[in-house]
Every structure is written in structure tokens, then in C-alpha cells.
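Results of the structural survey
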Protein chains: 2
Amino acid sequence: MQKQQSTFSIAAVERDTGLPKDTLRMWERRYGFPQPERDSNDERLYPADQVDKLRLLKRLIDQGMRPGKLIMASADELARLLENHQPKGIECPAAASRCSSLIELLRLHRADELRRALQQVLLKQGLQEFVTSTIAPMNQMIGSAWLRGEIDVAEEHLYTEQVQNILRNAISAQGGGSRPRVLLTTLPDELHVLGLLMAEAMLVSEGATCVSLGTQMPLADIDAAAQAGGFDIVALSFSAAFPARQAIDGLTALRQTLPANISLWAGGRALAERKPGIAGVSIITDIADATGALEEWRNKNLQ
Amino acid sequence: MQKQQSTFSIAAVERDTGLPKDTLRMWERRYGFPQPERDSNDERLYPADQVDKLRLLKRLIDQGMRPGKLIMASADELARLLENHQPKGIECPAAASRCSSLIELLRLHRADELRRALQQVLLKQGLQEFVTSTIAPMNQMIGSAWLRGEIDVAEEHLYTEQVQNILRNAISAQGGGSRPRVLLTTLPDELHVLGLLMAEAMLVSEGATCVSLGTQMPLADIDAAAQAGGFDIVALSFSAAFPARQAIDGLTALRQTLPANISLWAGGRALAERKPGIAGVSIITDIADATGALEEWRNKNLQ
DNA sequence: GAATCAATTTGTCCAGGACAAAAGGTGGCG
DNA sequence: CGCCACCTTTTGTCCTGGACAAATTGATTC
């Protein structure tokens with residue numbers, strides 16, 4: 001494939017950025033950006049740099065900013081805004097160096113060694129600490145490396161696969177089996193599975209019974225499954241890329257249909273910044289707080 | 001959520017059926033179907049039965065049929081056509097009854113017991129037979145139960161999760177480590193991961209070295225990753241829901257960019273019916289043939 | 001049977017208008 | 001000072017109807 005193909009059709013841009021065709025045309029009409037070239041058939045051809053800027057715009061808008069304020073800014077300014085919003089380095093230097101060396105293996109495509117190294121760290125730290133002080137910071141580092149273009153799709157997927165294998169393995173090995181019963185899933189449009197597995201790992205370690213439905217579960221089906229399965233808690237995960245508004249809307253709607261005796265928990269980077277505060281929904285901003293929330297639930301519900 | 005909400009906006013229908021808004025409007029203009037009602041603001045409202053028929057149409061078209069021939073048919077006729085195309089029961093009665101009892105557990109939402117039962121069958125059969133004579137027929141049965149509406153989203157996801165855990169676990173336990181080196185993934189728009197894991201399980205059992213990149217890998221990145229990682233084989237998986245044409249196009253394009261010394265394998269239900277025959281691409285119609293293909297490769301390439 | 005060419009089918013794009021829903025701002029009131 | 005009701009602006013999605021290229025089919029010839 002032509003990696004350096006320099007222009008994209010409107011359909012390609014829609015796939016690539018997640019901005020609907022209608023919106024792309026409307027922005028062009030209203031704001032004068034983007035301003036694609038035209039091919040012989042008068043169809044839009046977006047240059048790569050405009051697509052890059054559109055990607056940045058989309059992410060900022062998903063975080064709650066408004067197009068009108070952003071669209072005049074340069075790509076550099078947008079990138080700076082995005083960095084301000086997102087990643088505030090890793091505090092602990094030990095964790096940072098541990099993660100860096102793992103990421104180095106990833107960059108070299110050493111899948112086997114990466115796997116072995118992860119396994120080793122897991123054994124040393126134990127599951128909960130592995131999740132909170134290795135996987136969580138790694139996700140963050142990889143996220144920002146991805147934004148900077150230092151990591152490509154294949155590497156990111158490879159990472160996800162390896163971590164997924166390790167976590168699923170570790171979760172299976174844990175017992176679980178007592179209360180509460182937790183149903184884990186994500187809303188439609190959320191494809192990222194690692195947050196879910198991290199939450200499951202934390203909770204299973206504390207003896208909770210977890211059932212994961214994977215990603216992309218329609219609201220109505222979450223509700224039905226939670227009631228049918230006799231669950232105490234429904235836990236949803238939202239990655240950094242998930243539009244905050246969509247998350248809030250979904251949680252609000254689900255809280256309304258879900259019976260009051262089933263708790264609703266939500267976690268993930270999408271909600272970490274602007275902690276929304278929705279009546280009857282527990283927002284867990286840091287994965288390490290999951291154990292605390294569980295303890296709290298047990299104190300309340302098992303006298 | 002209102003499960004029995006009887007009408008859908010055009011955006012909802014697009015999400016639900018995968019048919020673009022433009023196409024929905026064009027069909028209405030050209031063929032007179034669908035013929036949605038309008039709300040107070042003159043926006044289309046599609047009744048549920050029309051959406052059901054659209055779903056059937058989409059699947060048949062993805063199999064290579066033409067809209068003009070199908071669109072006049074009733075939903076019943078379409079359903080019959082689809083059944084003719086797809087599922088031809090399970091031959092082996094032992095396998096069928098084994099699968100039925102597992103599916104029964106699924107229907108009852110007994111996640112734990114399902115897991116234990118699967119684990120037990122795996123231990124009894126061994127990984128390869130487990131994949132070929134338990135998982136493969138189960139997928140098929142669940143697929144048709146899903147078409148008949150006997151299984152809902154949550155149950156289908158629960159099944160996928162449980163099988164995924166079992167397979168990932170089993171794959172990790174196998175050694176692998178010798179040639180060939182196989183890169184496994186799916187094309188964009190293909191979300192189903194079980195086919196990939198089944199293939200990985202078969203190949204790892206034979207001692208091949210497998211690296212999975214999970215689902216949804218853009219063509220250009222598959223090419224780049226295969227070359228960078230020194231792989232001998234790229235293996236792609238296509239579920240029954242994947243449009244055959246899109247699969248063929250993708251395979252053709254990938255074959256062109258991929259160096260000749262890297263083999264390209266493709267498998268899955270999407271290709272099982274109309275075995276396409278693409279120069280330089282091995283189509284593996286039955287998961288059990290994976291071992292044979294591997295042997296063949298070894299005979300050719302390690303003298 | 002294979003290959004070439006014309007006719008038909010089909011999906012995607014375009015322009016520009018309309019409008020509802022969301023967000024932001026303002027002022028009064030407790 | 002916080003909160004609520006109301007108004008203005010912003011923003012995205014939908015609409016119509018026209019156009020055309022790409023894919024597919026069918027006819028004709030070799």
C-alpha cells in the first residue's frame with residue numbers, strides 16, 4: 001500500500017477521523033476548514049496534513065471543546081492543547097524506567113521477549129500491583145507515544161494482545177466466587193478491552209465474582225443481562241479516546257433503566273478529567289481505587 | 001431502554017444494518033423500498049420490520065447477490081435464501097449433542113459452569129480436536145441460533161469471552177518456537193476474534209511460532225509488520241458476516257504488496273462458499289485443514 | 001470456450017437549504 | 001452567592017434531487 005499517499009477521499013477521511021461526511025462538508029462551508037482539493041470529477045481530496053489536523057480536532061471536541069474556538073488554531077497549537085489535557089508523565093521513576101524497557105522490546109517487535117518480561121514483572125509484583133503500577137502507566141506512555149507518532153498500529157495491537165493474554169491468564173488463575181457479582185462491559189463504539197481486563201483483574205483479586213461481556217454492548221442488553229444474571233454491580237470502562245459526552249449520556253440512560261439495587265460503576269481516562277458526577281453512578285478515576293470501591297460496597301451491603 | 005421501540009431514525013438504521021444513509025435514500029428513490037414513515041420534521045422513521053428486511057438484504061448482498069433482484073422479495077423469502085446459503089447442520093451427532101448441552105448452559109447464563117464444561121472438554125479432546133470438533137460446530141450453531149433470534153447479544157458476547165479465555169490460555173501453554181513464523185490478524189471491519197484464535201491454536205499445536213495482532217489491521221500495516229518481523233506466513237481470518245467481495249479485494253491488494261517469499265493464507269466462513277481462487281493466496285475452507293497446509297508449507301520450504 | 005465491447009445496475013458524491021438539539025450567556029430571585 | 005428560567009448562538013444531522021464512475025451483466029465475435 002502507498003503509505004505516503006498524500007490525499008484522501010471524503011469516505012477515507014470519515015473512516016480515519018471518525019468525523020461524518022456531513023460534518024466535514026459543513027465545516028468547509030461554515031469555517032473554510034478543511035479546504036480539500038478537487039479531483040477531475042469535482043470530488044474532495046483531503047491532503048494528509050489537513051487530515052492530521054482533523055484528527056486532533058476530533059479528539060479535542062470529544063473532550064468537550066467547541067469546534068468554533070479550535071478550528072482557526074494551527075495543528076501545533078492543537079497538539080499542545082491535547083498534551084495539556086492528557087498526559088502528566090509518570091511520577092514514580094522506577095515505574096517509568098520499567099515501562100520504558102518494556103516499550104523498547106515492543107518497538108523491536110520482540111513479541112516473545114515482551115511476553116516473558118511482562119510475565120516476570122507480574123510474578124514479582126502480584127496481579128494488583130502489576131495492573132496499577134505497570135500496565136496503567138504503560139498504557140499511558142503508549143498512548144502518548146502513539147500521539148507523537150512514535151508507535152504504529154501494529155505495535156499498539158501487538159502490545160494489546162500480549163497484555164490481554166497475560167491478564168486473561170492471571171484472571172483465570174484467580175478464584176473469585178464470592179459477592180459481589182460484577183458484570184463488566186463497555187458501551188457501543190468503545191473497542192478498547194484492556195481497561196475492562198484491568199478492572200476485572202483488580203476485582204477478582206479481591207474475591208469478587210466477575211463476568212465480562214467484552215466490548216460494545218448495547219444499553220438495552222446491558223440492562224437485561226444485569227437483571228437476568230442477578231448482578232450486584234455493572235462496571236463500564238471508557239478509554240481516553242471515548243467521547244466524554246457520549247459516556248455521560250450512556251451512563252445517565254443506563255442508570256434510569258437499571259434497578260436501584262444494582263450499582264453502576266464507571267471508570268477510565270475518558271472520565272478522569274472532568275469528573276462528571278451523575279446521580280447514582282460511581283466514577284472511579286484511578287484503577288487503584290477499584291479495591292476501595294469494592295470494600296465500600298461490601299461494608300454497605302453485607303452489613 | 002425501550003426494547004420494543006418500533007421505529008428507527010436513518011442514523012440508527014445505518015448503525016444497525018451497516019447500510020450507508022446514502023444507499024438507504026437511493027434505494028427508496030429507485031426501488032420504493034424501504035418506505036419509511038416521516039416524523040413531524042419530515043425525517044425518515046423506519047419501522048422495525050423494514051429494518052429486519054434490510055438486515056437480511058445486507059447479508060445476502062455481502063454474499064454476492066444483487067439488490068435489484070432481491071429487493072422485491074418478502075422477508076420470508078430472503079430468510080429462506082439466507083438459510084440455503086449458510087448453515088448445513090452438524091453431521092456428527094455426538095458433536096451436535098455435546099454442543100447443544102454447552103449452548104444450554106449459555107442460554108441459562110451459567111458463565112462459570114460453561115467455562116468449566118469447556119475446560120473439561122478441552123482436556124478430554126486435546127486442543128486441536130477441541131477446536132475442530134467442538135468450537136467450530138458450536139460457532140456454527142450459535143450463528144444460526146442468532147439468525148433465528150434464539151440467542152441475544154449478551155449471550156453471544158458471553159460465549160465469545162469464555163471461549164476466548166480458554167483458547168488464549170491453551171495457546172499460552174503450548175510451546176511454539178519453531179518455523180514457520182506466522183503473523184495472524186484480520187482486515188479492518190472484521191471484529192470477530194475467535195477465528196483467529198482457533199487458527200492460532202491449530203498452528204501452535206504443530207509447533208509453529210504465531211504472533212497475533214488481533215483484529216482490524218489496515219493493509220499497509222500488515223504488509224509492514226510482516227516484513228519487519230521476518231514472518232513466513234500471513235494468515236487472515238474472515239467471519240461469516242464479512243462481505244466476500246471485500247475479502248477478495250483485500251487479499252488481492254495485500255498479495256500484490258507482500259513480497260513473494262511470504263505466503264498469504266486466508267480462512268473463514270466468508271470464503272467457504274464461493275471458493276474464490278486468488279493467485280498466490282491459499283484459501284483454507286475448513287479449520288481442520290490448517291494442519292495440512294502447515295505440513296505442506298514445511299515440505300516445500302525446509303526441503 | 002474465451003475475449004471484447006456495450007448496456008445496465010449500483011453506490012457514492014455534491015450543493016445548498018432547513019431545523020432541532022446543545023451550549024453558552026443573561027438576568028432575576030431566593 | 002448560587003440557582004433557575006429564558007434567550008441567543010453554535011453545531012450537527014437530515015433533506016432533495018442531480019450527476020457520474022465503477023462494477024456487473026449480457027451480447028457478439030473470434
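Scoring rules and cut-offs
- Residues numbered from 1 in each chain as written.
- Chains lettered and ligands numbered in written order.
- Predicted model: local features only at pLDDT ≥ 70, side-chain atom pairs only at ≥ 80, totals over all residues.
- Heavy atoms only, no water.
- Helix = DSSP H or I, 4+ residues; strand = E, 2+ residues; numbered from the N terminus.
- Buried < 20%, exposed > 50% of the residue type's maximum accessible area, 1.4 Å probe, protein only.
- Contact = heavy atoms within 4.5 Å.
- Pairing = 2+ DSSP bridges.
- Axes fitted to C-alpha atoms, helices over the stretch in contact; angles between N-to-C directions.
- Near = heavy atom within 4 Å.
- Polar contact = N/O pair within 3.5 Å; in protein donor to acceptor, adjacent residues only side chain to side chain.
- Nonpolar A, V, L, I, M, F, W, Y, C, P; charged D, E, K, R; others polar.
- Domains from an automatic or database assignment.
- Buried area = accessible area lost by both parts, 1.4 Å probe.
- Salt bridge = Lys/Arg side-chain N within 4 Å of Asp/Glu carboxyl O.
- Least-squares fit on C-alpha atoms with pLDDT ≥ 70 in both.
- Phe/Tyr/Trp six-rings, centres within 6.5 Å; stacked < 30°, edge-to-face > 60°.
- Lys NZ or Arg CZ within 6 Å of the ring centre and 35° of its normal.

**Topic: the overall build of chain A**
- Across its full length, chain A holds 14 helices and eight strands.
- Expressed as lengths along the three principal axes of its C-alpha atoms, the size of chain A is roughly 70 × 45 × 30 Å.
- Relative to its 303 residues, chain A shows a buried fraction of 48%.
- Summarising the internal contacts of chain A: among those between residues at least 6 apart in sequence, 69% fall at separations of at least 24.

**Overview of the sheet that holds strand 3 (residues 44-47) of chain B**
All names here are of chain B.
- The antiparallel open sheet is built from three strands, whose spatial order is 1-3-2. With partners counted over all chains shown, the strands left at the sheet margins are strand 1 (7-8) and strand 2 (37-38), one partner each.
- Judged from the two bridges that link them, strand 2 and strand 3 form a sheet pairing that is antiparallel. Across the sheet, arginine 38 pairs through a bridge with arginine 44, a residue of strand 3.
- Along the sheet, helix 3 (residues 48-62) makes contact with strand 1 and strand 3, crossing strand 3 at roughly 80°.

**What about the environment of Ala260(A)?**
Residues and elements named next belong to chain A.
- By secondary structure assignment, the location of alanine 260 is in the loop between helix 12 (244-257) and strand 7 (263-267).
- You can call alanine 260 exposed: its relative accessible area is 76%.
- Sequence separation between alanine 260 and glutamate 28 is 232 residues, and the spatial gap between their C-alpha atoms is 46 Å.

**Thoughts on the protein's contact with DNA strand C**
- Taken together, 23 residues are adjacent to DNA strand C, and Lys21(A), Arg25(A), Arg44(A), Arg245(A) and Arg30(B) come closest.
- The protein-proximal atoms of DNA strand C, defined as those within 4 Å of the protein, are 67% sugar or phosphate.
- At 3.1 Å, a side-chain N or O of Arg38(A) approaches a phosphate oxygen of DNA strand C.
- For DNA strand C, a phosphate oxygen lies 2.5 Å from a polar atom in the side chain of Arg245(A).
- Secondary-structure elements contributing two or more residues to the surface near DNA strand C are helix 1 (10-17) and helix 2 (21-31) of chain A together with helix 2 (21-31) and helix 4 (67-70) of chain B.
- In terms of residues, the surface near DNA strand C owes the most to one element, helix 2 of chain B, which gives six residues.
- In terms of residue class, the surface near DNA strand C is made up of eight nonpolar, three polar and twelve charged.

**Quick notes on the domain arrangement of chain A**
All names here are of chain A.
- Partitioning chain A into domains gives domain 1 (7-85), domain 2 (93-170) and domain 3 (175-301).
- Averaged C-alpha coordinates put domain 1 and domain 3 at centres separated by 33 Å.
- Between domain 1 and domain 3, the residue contacts involve four residues of the former and seven residues of the latter.
- A combined buried area of about 460 Å² lies between domain 1 and domain 3, and 39% of that area is made up of carbon and sulfur atoms.
- Inspection of the domain 1/domain 3 interface yields zero salt bridges.
- Linking domain 1 with domain 3 are one residue pair in polar contact (both at pLDDT 80 or more).

**With respect to the interface of chain A and chain B**
- Counting residues at the interface gives 31 residues for chain A and 30 residues for chain B.
- Here chain A meets chain B over a buried area of about 2,900 Å², counting both sides, of which 58% is carbon and sulfur.
- At the surface where chain A touches chain B, the tally comes to two salt bridges.
- The salt bridge partner of Glu161(A) is Arg168(B), with a shortest N-O separation of 2.4 Å.
- Across the chain A-chain B interface, the total number found is 14 residue pairs in polar contact (both at pLDDT 80 or more).

**Some thoughts on the relation of the copies chain A and chain B**
- For these two chains of identical sequence, chain A goes onto chain B by a turn of 180° and a shift of 0.0 Å along the axis, with RMSD 0.1 Å. This pairing of chains is accounted for by a two-fold axis. Identified as the residue of chain A closest to the rotation axis by C-alpha distance is Asn169(A), at 2.9 Å.
- The share of interface residues of chain A whose copies in chain B are also at the interface is 97%, consistent with both copies meeting through the same surface.

**Things to note about the protein's contact with DNA strand D**
- In the neighbourhood of DNA strand D, 23 residues make up the surrounding shell, with Met26(A), Trp27(A), Arg30(A), Lys21(B) and Arg44(B) lying closest.
- Within the side chain of Arg29(B), one N or O atom sits 2.9 Å away from a base nitrogen of DNA strand D.
- Here a phosphate oxygen of DNA strand D and a side-chain polar atom of Arg38(B) are 3.1 Å apart.
- At the level of secondary structure, the elements contributing two or more residues to the surface near DNA strand D comprise helix 2 and helix 4 (67-70) of chain A together with helix 1 (10-17) and helix 2 of chain B.
- With six residues, helix 2 of chain A is the single largest residue contributor to the surface near DNA strand D.

**Points about the side chain of Gln164(A)**
- Mapping Gln164(A) onto the fold places it in helix 9 (residues 153-173).
- Gln164(A) gets classed as buried once you look at its relative accessible area, which sits at 5%.
- Not counting residues within four places of it along the chain, the set of residues in contact with Gln164(A) comprises Val193(A), Leu194(A), Leu197(A), Gln164(B) and Arg168(B).

**Looking at the packing of aromatic side chains**
- In this structure the tally under the stated criterion is two aromatic pairs over all chains.
- Ring geometry for Phe238(A) versus Phe242(A): centroids 5.3 Å apart, planes at 55°, classification tilted.
- With a relative accessible area of 4%, Phe242(A) lands in the buried category.
- We note Arg181(B) situated over the ring of Phe231(B); from NZ or CZ to the ring centre the distance is 4.7 Å.

**Observations regarding the side chain of Asn165(B)**
- Topologically, Asn165(B) is positioned in helix 9 (residues 153-173).
- Asn165(B) has contacts with Arg168(A) and Arg115(B), leaving out every residue within four places of it along the chain.

**Considerations on the environment of Leu236(A)**
All names here are of chain A.
- Mapped onto the secondary structure, leucine 236 falls in strand 6 (residues 233-237).
- For leucine 236, a relative accessible area of 4% translates into the label buried.
- Taking the C-alpha atoms as reference points, leucine 236 and tryptophan 265, 29 residues apart in sequence, are found 6.2 Å from one another.
- Apart from residues no more than four positions distant in its own chain, leucine 236 is found in contact with Thr185, Thr186, Leu187, Ile222, Leu251, Leu254, Leu264, Trp265, Ala266 and Gly267.

**Quick notes on the pattern of salt bridges**
- Evaluated as defined, the whole model comprises 24 salt bridges over all chains.
- Notably, a salt bridge pairs Asp22(B) with Arg25(B), separated by 3.6 Å at the nearest N-O pair. In this pair, Asp22(B) and Arg25(B) are both assigned in helix 2, three residues apart and thus about one turn of the helix distant.
- Asp22(B) sits in the exposed class, given a relative accessible area of 52%.
- For Arg25(B), a relative accessible area of 30% corresponds to the partly exposed category.
- Overlapping salt bridges, with partners in common, bring together Asp16(A), Asp52(A) and Arg55(A) in one network.

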